Amino acid sequence: MPYHKNKQQAYQAAEQGYHHAMDISKTLDASNSEYGVFYSHFMTENEKACQQIQNAMETASEHQQPQLESFLNELQQLQNQFPKP
């Protein structure tokens, strides 16, 4: 049973990290004078979320795997979407 619990916790942490990075990305506006600060914060949180997702993929069930891959792809696309300050 502990294995199942760890697998679920890893998935939930990855999902939370994904949503947190997505929320931060909504604050990015290149015309804002503090864009560099927000960009740096987003990149840090995006990297953390990607790492959490990759960790969760190691123990993910067949059902969780495609969702985690989708999260990872979306975050990587977002990362390339915003210009560096």
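Everything discussed here concerns the structure shown above.
Residues numbered from 1 in each chain as written. Predicted model: local features only at pLDDT ≥ 70, side-chain atom pairs only at ≥ 80, totals over all residues. Heavy atoms only, no water.

**A look at the overall build of the protein chain**
- Each helix and strand in the protein chain was counted, giving 3 helices and 0 strands.
- In sequence order, the protein chain lays out its α and β elements as α-α-α.
- Taking the principal axes of its C-alpha atoms as reference, the protein chain extends roughly 50 × 20 × 15 Å.
- Looking at the protein chain as shown, the accessible area adds up to about 5,600 Å², and 49% of this sits on carbon and sulfur atoms.
- Charge centroids of the protein chain, computed over 5 positive and 10 negative side chains, lie 6 Å from each other. (Helix = DSSP H or I, 4+ residues; strand = E, 2+ residues; numbered from the N terminus. Areas by Shrake-Rupley, 256 points an atom, 1.4 Å probe, with all protein chains shown as cover. Lys, Arg positive; Asp, Glu negative; His and termini not counted. Charge placed at Lys NZ, Arg CZ, Asp CG, Glu CD.)

**What to know about the pattern of salt bridges**
- In the structure shown here, the tally under the stated rule is 2 salt bridges.
- Between Asp-23 and Lys-26 there is a salt bridge, with its nearest N and O atoms 4.0 Å apart.
- By relative accessible area, which is 66% here, Lys-26 ends up exposed.
- For Glu-45, the salt bridge goes to Lys-48, with nearest N and O atoms at 3.5 Å. Within this pair, Glu-45 and its partner Lys-48 are both found in helix H2 (residues 35–57), separated by 3 residues, close to a single helical turn.
- Taking relative accessible area as the criterion, Glu-45 reaches 15% and is therefore assigned buried.
- Assessed through its relative accessible area of 47%, Lys-48 is described here as partly exposed. (Salt bridge = Lys/Arg side-chain N within 4 Å of Asp/Glu carboxyl O. Buried < 20%, exposed > 50% of the residue type's maximum accessible area, 1.4 Å probe, protein only.)

**Examining the packing of aromatic side chains**
- As enumerated under the stated definition, the model contains 3 aromatic pairs in all.
- Between Tyr-18 and Phe-71 the ring centres are 4.1 Å apart and the planes differ by 15°, which places this aromatic pair in the stacked class. Residue Tyr-18 is located in helix H1 (residues 2–25), and its partner Phe-71 is located in helix H3 (residues 64–81); the two are separated by 53 residues in the primary sequence. For the pair Tyr-18 and Phe-71, one class covers both residues: buried. (Phe/Tyr/Trp six-rings, centres within 6.5 Å; stacked < 30°, edge-to-face > 60°.)

**Section: the side chain of Lys-7**
- Summarising the element assignment, Lys-7 is placed in helix H1.
- Buried and unpaired, Lys-7 has Glu-62 as its nearest opposite-charge partner, separated by 9.4 Å.
- Residues contacting Lys-7, with those up to four places away along its chain left out, are Thr-59, Ala-60, Ser-61 and Gln-64. (Contact = heavy atoms within 4.5 Å.)

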